[in-house]
Amino acid sequence: MTASRGTSNHPVGEVRHGQLITTYGPGAMVDLPDRSVVVGGLNLWHYSRDDDSCFIDEQRLIAKLRGLLNVGTLLLKRPPSEDDTFAQKFRSNSGIRAPQFPLWFVAQPRQEPFPPFVDDAGKRYRTRPLIHKDRLVDDSYPWRPAGGKVQKLDVVPVRFVQCCANGHLSDIDWDRFAHGGARSRCQEDLWLDEAGAGNDFNEIYVRCPQCNKRQALASTKGDSGGSLLGPCRGHRPWLGNFSDEAGECTDRNTGKPRYNRLLVRSASNAYFPEMVGAISIPAAEDPLRQHLMSHLSFFEKIEDEGDLKAALKFMPEKVAAALRDRDGAEVMVALSAVRGSSKDPRIEKQPPLKQQEIQALYAPAGALGSADSTSTFHAEIVPLADKPAWFSERFDRVLKVHRLREVMALIGFTRLEPIVKGVNGDPLDQLDIGAKRADINNKELDWVPAIENFGEGLFLGVSESALKTWHQGDGVVQHSSKHRDACKLWNRDHGLKANEFDWPGEAYLMLHSLAHLLITTAALECGYGASAIKERIYSFPGQGHGILLYTSGSGSEGTLGGLVSLADRIEQLVAAALERGLLCSNDPFCSMHQPENDLEKRYSHGAACHGCLLIAETSCEQRNQFLDRAFVVPTLDVTDAAFFPDRLP
């Protein structure tokens, strides 16, 4: 859908609610049919007044986010919606504002292309003028060729911008770049010259026809690239009027200025959303909490019992009636819990979200939720008495998860490098790997965008005793030592101390690799695409180990029953997954990869490639890191480190 570039109430694009958390959150660049925009920060998200339906209640997640973000109170809100629960409009005066970015364009004729540019070596280049938005008229560029009439040239946003490791984003100063990092007095338009397929930076030049200066995009690589692009000025166009920071952008460790780096708008490293998610676990119903959540807008300014008593006199009867007979202190405690406030006595330092979930998944049958349609979690234990010995010796619990609820919250984003996550799912912000979480609001966060998805899945619990026996094997110890050495090299390459980032352990790699094999195998039978099945890996010694495969969505796709049906023949699914992992189409090269190989620099991978273990990153909780099928089944190169035998009885 298109609209004029002026201020308008007409939508200029739309995405699903889930995409505003996972793909197109604040700070992400979005290509539209006739322009490019950057999704606005939370200060540009506008909700209708008294819209209490936007709040999401997930106490465990709120408590975790409060600790991660170091804030006093926090709320979870669904993205604003105009027409329905699936489509989200980008609007100028309501919904989400999306500032136009970049402001530089490439112009092209509507009919015949410009004559090619030929360099001194006789090489021919396709060429087009580079134009700033200020020089456009009626969304096109008026062009007067020598001795001809004025023509209107169509324009498209330039695909090259610049950013820094702190997440800042800005247009390239093309005039400065074309003249080797120096200012010039040239008045003619700059030209973009491209040869080949247009993907090789060595064959893309920016040219000034007035002084004949010419600069290749490849020159932005290496030490000289920073001087050509200049120091970062801290621009944040997604925050609108709050787009600039005071002074230059600096490295938080050295205090030295950060220099810009070239970025392709559509590149995979242009935006890494930082999300924290939780699976809702069974909890006792709290009618008071539910009532407060349903009418939260009436309690925004209430800070103590006195405020509450005064406010009840002016609230609608349906809101006040449920609270008049309640103790004021009890209401304030519940209100603090809803807000995620530090005043809530139940919010203390809690164990990791995933650790709480594995404890719930191992709970007795009576504590696995209700089959009632209002319940957000319902699981059923699958008997293991009739399963083969190889299976029951290694797995001690299988669950049919008939219903689950997943809440995902967006707390920021990075560019160039993603934030590393630990085994427990928490972002390891203390690791300075060169990328810093960028702000998604112009002030301290008191709410973050979140979505809730509903779906189904299956859970495989792994026997603690079987893992202990496996850990002690000589082959496992020897192969694990390679990964530990590789982790030290990863720390070295990221400027960290040798053991600053700790390797997740062979149990996590085994579970993670098995989960990927199961996802690929299950997708052939359950009716869901492989990219629709997600994983959640639990590896907590003494607490529990397991794999939760699930699918969830805001629509009906999360409740088709395909994954649940596989639990009745789970041993067949696991056997088929193990057979798939025995031989990769890229063997013997895949199985021969050594994680500590300093030339390949794939320090988080053992025997893992696109032919066997790598799957869609939307399905993987670790962006396809920490994988090695040698810990699952024997490979051509490593035969004695597997948790499963090469031949099942």
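What you see is a predicted model, and the numbers here were worked out from it, not measured in a lab.

## A short note on the overall build of the chain
Along its length, the chain carries 15 helices and 25 strands. Put simply, the chain has 649 residues, and 55% of those count as buried. Within the chain, contacts between residues at least 6 apart in sequence are counted, and of these 70% link residues at least 24 apart. For the chain, the computed accessible surface area is about 29,500 Å², with 48% contributed by carbon and sulfur atoms.

## A word on the side chain of Asn260
Structurally, the position occupied by Asn260 is in the loop between α4 (225-229) and β19 (261-264). Polar contacts involving the side chain of Asn260 include one to the main-chain carbonyl oxygen of Leu229, which spans 3.5 Å.

## Details of the packing of aromatic side chains
For the coordinates displayed, the defined rule picks out 19 aromatic pairs. Arranged with centres 5.7 Å apart and planes meeting at 85°, the rings of Trp390 and Phe391 form a pair that is edge-to-face. For the pair shown, Trp390 and Phe391 are each scored as buried. Seen from their ring centres, Phe459 and Tyr538 are 6.3 Å apart, and the 70° between their planes marks the pair as edge-to-face. Taken together, the positions of Phe459 in strand β23 (residues 447-462) and Tyr538 in strand β24 (residues 534-540) put the pair 79 residues apart, joining distant regions of the chain. A single burial state applies to Phe459 and to Tyr538, both of which are buried. Through pairs of rings, three or more aromatic residues link up here, namely Trp390, Phe391, Phe395, Trp470, Phe631, Phe643 and Phe644. One Lys or Arg, Lys77, reaches over the ring of Trp447 and ends 4.9 Å from the middle of that ring. Positioned above the aromatic ring of Phe117 is the side chain of Arg207, whose terminal nitrogen or guanidinium carbon lies 4.0 Å from the ring centre.

## Brief notes about the nonpolar core
Core analysis: the largest hydrophobic core is formed by 70 residues, its most contacted members being Phe391, Leu460, Leu518, Ile533 and Val574. The greatest single-element share of this core, amounting to ten residues, is contributed by helix α13 (residues 506-522). Apart from the residues lying within four places of it in its own chain, the contact partners of Ile533 are Ile519, Ala522, Ala523, Cys526, Tyr528, Leu549, Tyr550, Leu563 and Ser619. Counting 68 residues, the second largest nonpolar core, distinct from the first, contains Ala28, Val71, Leu76 and Val276.

## A few points about empty space enclosed by the protein
For the coordinates displayed, the defined rule picks out one cavity of 30 Å³ or more. Ile279, Ser280, Ile281, Glu357, Leu361, Phe377, Tyr538 and Leu548 are the residues that line the largest cavity. Among the residues forming the lining of the largest cavity, the class breakdown is six nonpolar, one polar and one charged.

## Observations regarding the environment of Val638
By the element assignment, Val638 lies in the segment after α15 (570-582). Residue classification places Val638 among the buried positions, given a relative accessible area of 8%. Along the primary structure Val638 and Ala607 are separated by 31 residues, whereas in three dimensions their C-alpha atoms are 9.1 Å apart. For Val638, the residues in contact, after removing those within four places along its chain, are His479 and Ala630.

Quick notes on the rules
Positions within a chain are numbered from 1, following the residues in the order the chain's sequence is written. Residue-level local features of this predicted model are given only where pLDDT is at least 70; pairs of side-chain atoms are given and counted only at 80 or more, and the full residue set underlies all totals for whole chains, interfaces and linings. Only hydrogens and water are removed before side-chain values are computed, so all heavy atoms of the structure are retained for them. Think of it this way: any DSSP run of H or I at least four residues long counts as a helix, any run of E at least two long counts as a strand, and we number them from the N terminus. Note on classification: 1.4 Å probe, protein chains only; a residue is buried when its accessible area is under 20% of the maximum for its type, exposed when over 50%, partly exposed between these limits. Only heavy atoms matter for contacts: two residues are in contact if any of them lie within 4.5 Å across the pair. The Shrake-Rupley method, run with a 1.4 Å probe sphere, supplies the accessible areas, and residue values consider only the shown protein chains as cover. Pairing of N or O atoms within 3.5 Å defines a polar contact, subject to two protein rules: one partner must be a possible hydrogen donor and the other a possible acceptor, and residues neighboring in sequence count only if both atoms are side-chain atoms. Paired rings are identified among Phe, Tyr and Trp, the last through its six-membered ring, by centres lying within 6.5 Å, and are further divided according to the angle between planes into stacked (under 30 degrees), edge-to-face (over 60) and tilted (the rest). Ring-over charges, as used throughout, are those where CZ of Arg or NZ of Lys falls within 6 Å of the ring centre and within 35 degrees of the ring normal. Each nonpolar core is a collection of buried residues, namely Ala, Val, Leu, Ile, Met, Phe, Trp, Tyr and Cys, held together in the definition by side-chain atoms within 4.5 Å. Each cavity reported here is a set of points on a 1 Å grid over the protein atoms alone in which a 1.4 Å probe fits but cannot get out, each pocket an open set with protein on both sides within 12 Å along at least five of seven lines, and each lining residue one with an atom within 4 Å of a point. Grid points are joined across faces, edges and corners, and a volume is the space filled by probe spheres set on the points. Residues are grouped as follows: Ala, Val, Leu, Ile, Met, Phe, Trp, Tyr, Cys and Pro are nonpolar; Asp, Glu, Lys and Arg are charged; every other residue, Gly included, is polar.

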